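Examination of the molecular architecture
Listed below are the residues making up each chain.
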Amino acid sequence: MRIEYDVKLDFKDVLIRPKRSVLTSRSEVSLEREFRFKNSGATWKGVPIIAANMDHTGTFEMAKALAKHQLLTAIDKFISPADWQVFATRNPEATAASFVSVGISEEDFVKAQEIIKVSKVKMICLDVANGYTERFVDFLKRLRDNYPDTLIMAGNVVTGEMVEELLLSGADVVKIGIGPGSVCTTREKTGVGYPQLSAIIECADAAHGLGGHVCADGGCTSPGDVAKAFAAGADFVMLGGMLSGHDECLGEVIEEDGVRFKRFYGMSSKEAMEKYHGSVAEYRASEGRSVDVPYRGAVKNTVLDILGGIRSTCTYVGAHRLKELSKRTTFIRVTQQLNEVFVAHQAK
């Protein structure tokens, strides 16, 4: 046993220090990034925000809506190859902006092969809660051997040495985050995790040293948090809770006592495991919670709010392009983020 005494930071622990800027309007800021990925040689251009591959947010309807804004969607791994084929045929532009999600079982591998064959999708999200196992690394190598030209995003991890191993094993993008998600209870159930801002900073440094990329996954609750993730060095940011509750999300709108909401749950929650696997295995615990989130209409308005916030961040530090944000960022430690004196009186 050992203890690290260095302070590790989360989004709530910092603000971004403003700097002189020659920008006169948010409209002058470009949020587009263009990447060429080292292992696959693939290229991609767009706004590097990804809807999480939870069944609530990783839907085809979400993919169609986000593609209009040049955003990406990691599609829920429980969708069938037949449904993928229909979607790809009818929505080629949205398919080009979608990841097929895969776990590490043999069944997952076979299903991914079928989906890729019928949809021609060129992006894979290899997604497990614990990216530190040999089995996970071996599966990543197998994917890379079978799909040498396909963009592969793999995770989740939170330390630089594991980022390096995954990049050297074939990943183009490594997904960063253990326990920060709004419906994740991993830290509560296991005591394992890493403050997300420090994880992004350290993992981005490791990845960029090898010519790789990282995706910050979890912990963002506001446009300001998304901006901080990019400022910390994230190449992509994945969002779940911030995109929940919309028309494009899975689930019916429920109304109780005049309040409308949708059901949102972690994919390791009891509710998800019972839905997709029939039960919770005796050897494991649920590591997700189920919540009712307010119904928020079309996702377009939320997307515009997020993108507007990031553009505003860039104007405060003089970044003409999103690519420049991390280079122009100075984080300052704080003890309080917001003045919340009127939060309790906010109109519902």
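Placed above this text is the structure.
Below is a short write-up of the structure. None of these values were measured; they are calculated from a predicted model.

**Quick word on the packing of helix H9 (residues 223–231) against helix H11 (residues 299–317)**
A pair of packed helices can be characterised by two numbers: the angle between their axes and the separation between those axes. For the pair H9 and H11, the least separation of the axes is 8 Å and the interaxial angle reads 55°. One way to sum up the angle between H9 and H11 is to call them oblique. Considering only the axes of H9 and H11, their crossing is right-handed. Residues Pro 223, Val 226, Ala 227 and Phe 230 of H9 form the contact with H11, whose own contacting residues are Asp 305, Ile 306, Gly 309, Ile 310 and Thr 313. For the contact of H9 with H11, the residue count by class is 6 nonpolar, 2 polar and 1 charged.

**Quick notes on the packing of aromatic side chains**
Summed over all chains, the structure comprises 9 aromatic pairs. Each ring, one from Trp 84 and one from Phe 87, has its centre 6.1 Å from the other, and the planes form 75°; the classification is edge-to-face. A residue pair is termed a helical-turn pair when its members lie 3 or 4 positions apart in one helix, as Trp 84 and Phe 87 do in helix H2 (residues 81–90) at 3 residues. On the basis of relative accessible area, Trp 84 is assigned to the buried category, the value being 1%. Relative accessible area serves as the criterion here: at 3%, Phe 87 is assigned to the buried category. Through a chain of ring-to-ring contacts, the aromatic side chains of Phe 35, Phe 37, Trp 44 and Phe 236 assemble into a single cluster. The ring of Phe 109 has Arg 142 lying over it, and the distance from NZ or CZ to the ring centre is 3.8 Å.

**Notes on the nonpolar core**
Formed by 43 residues in total, the largest nonpolar core has its most connected members in Trp 84, Leu 126, Leu 143, Val 163 and Leu 166. The residues touching Leu 143, leaving out its near neighbours within four places in the chain, are Val 102, Phe 109, Ile 124, Leu 126 and Ile 152. Counting residues in hydrophobic clusters, the runner-up holds 38 residues, among them Phe 11, Val 29, Ile 49 and Leu 71.

**Re the sheet that holds strand S7 (residues 123–127)**
Taken in spatial order, the 8 strands close into a barrel running S4-S5-S6-S7-S8-S9-S10-S11, and their pairing is parallel. The sheet shows a mean angle of 25° between the axes of neighbouring strands, taken without regard to direction. Bridge count between strand S4 (residues 49–51) and strand S5 (residues 72–75): 2 bridges; the pairing is parallel. Paired with Ala 51 across the two strands is Thr 73, which belongs to S5. Along the sheet face, helix H1 (residues 60–67) touches S4, S5 and strand S6 (98–102) and points at about 165° away from the line of S5. The strands that helix H8 (residues 196–209) touches are strand S9 (173–176) and strand S10 (213–217); relative to S10, the one it contacts most, it runs at about 170°.

**A short note on the packing of H2 against helix H4 (residues 106–119)**
It is the contact of H2 with H4, at a shortest axis distance of 8 Å, that shows an interaxial angle of 20°. Viewed along their axes, H2 and H4 adopt a mutual orientation that is roughly parallel. Crossing hand, H2 versus H4: right-handed. Contacts from Pro 81, Trp 84, Gln 85 and Ala 88 of H2 reach H4 at Lys 111, Glu 114, Ile 115, Val 118 and Ser 119.

**Section: the layout of surface pockets**
Approximately 200 Å³ is the volume attributed to the second largest pocket. Lining the second largest pocket are Leu 15, Ile 16, Pro 18, Gly 224, Ala 227, Lys 228, Gly 309, Ser 312, Thr 313, Tyr 316 and Val 317. When contributions to the lining of the second largest pocket are tallied by element, the ones reaching two or more residues are strand S1 (14–16), H9 and H11. Tallying contributions element by element places H11 first for the lining of the second largest pocket, with 5 residues. For the lining of the second largest pocket, the per-class residue count stands at 6 nonpolar, 4 polar and 1 charged.

**Considering a nonpolar patch on the surface**
Together, Met 1, Ile 3 and Tyr 5 make up a nonpolar patch on the protein surface, roughly 490 Å² of accessible area in all. According to the relative accessible area criterion, Met 1 is exposed, its value standing at 92%.

**Quick notes on the state of the cysteines**
Under the definition given, this model contains 0 disulfides. Distance from the sulfur of Cys 184, which forms no disulfide, to the nearest cysteine sulfur (Cys 220) is 14 Å. Residue classification places Cys 184 among the partly exposed positions, given a relative accessible area of 22%. We note that Cys 215 lacks a disulfide partner, and the nearest cysteine sulfur, in Cys 125, lies 7.9 Å from it.

**Observations regarding the pairing of strand S8 (residues 151–157)**
Among the 7 residues that make up S8, 7 are buried, leaving the element largely enclosed by the rest of the structure. With 5 bridges connecting them, S7 and S8 associate as parallel partners. Bridge assignment links Leu 126 to a residue of S8, and that residue is Ala 154. The parallel pair S7 and S8 is bridged by helix H5 (residues 134–146), and the resulting crossover is right-handed. Where S8 and S9 come together, 4 bridges link them in parallel fashion. Its bridge partner being in S9, Gly 155 is matched across the sheet by Lys 175. For the crossover from S8 across helix H6 (residues 160–168) to S9, the handedness is right-handed.

Criteria and thresholds
- Residues numbered from 1 in each chain as written.
- Predicted model: local features only at pLDDT ≥ 70, side-chain atom pairs only at ≥ 80, totals over all residues.
- Heavy atoms only, no water.
- Axes fitted to C-alpha atoms, helices over the stretch in contact; angles between N-to-C directions.
- Helix = DSSP H or I, 4+ residues; strand = E, 2+ residues; numbered from the N terminus.
- Parallel < 35°, antiparallel > 145°, perpendicular 65-115°, else oblique.
- Left-handed = near helix turned anticlockwise from the far one by under 90°.
- Contact = heavy atoms within 4.5 Å.
- Nonpolar A, V, L, I, M, F, W, Y, C, P; charged D, E, K, R; others polar.
- Phe/Tyr/Trp six-rings, centres within 6.5 Å; stacked < 30°, edge-to-face > 60°.
- Buried < 20%, exposed > 50% of the residue type's maximum accessible area, 1.4 Å probe, protein only.
- Lys NZ or Arg CZ within 6 Å of the ring centre and 35° of its normal.
- Core = buried A, V, L, I, M, F, W, Y, C linked by side-chain atoms within 4.5 Å.
- Pairing = 2+ DSSP bridges.
- 1 Å grid on protein atoms, 1.4 Å probe; cavity = no way out; pocket = protein on both sides within 12 Å on 5 of 7 lines; lining within 4 Å.
- Points joined across faces, edges and corners; volume = space filled by probe spheres on them.
- Patch = residues over 30% accessible without salt bridge, like charges linked within 9 Å, V, L, I, M, F, W, Y side chains within 5 Å.
- Areas by Shrake-Rupley, 256 points an atom, 1.4 Å probe, with all protein chains shown as cover.
- Salt bridge = Lys/Arg side-chain N within 4 Å of Asp/Glu carboxyl O.
- Disulfide = S-S within 2.5 Å.
- Right-handed = clockwise from strand over helix to strand, strands pointing away.

On their own, these measurements won't tell you what the molecule is for.
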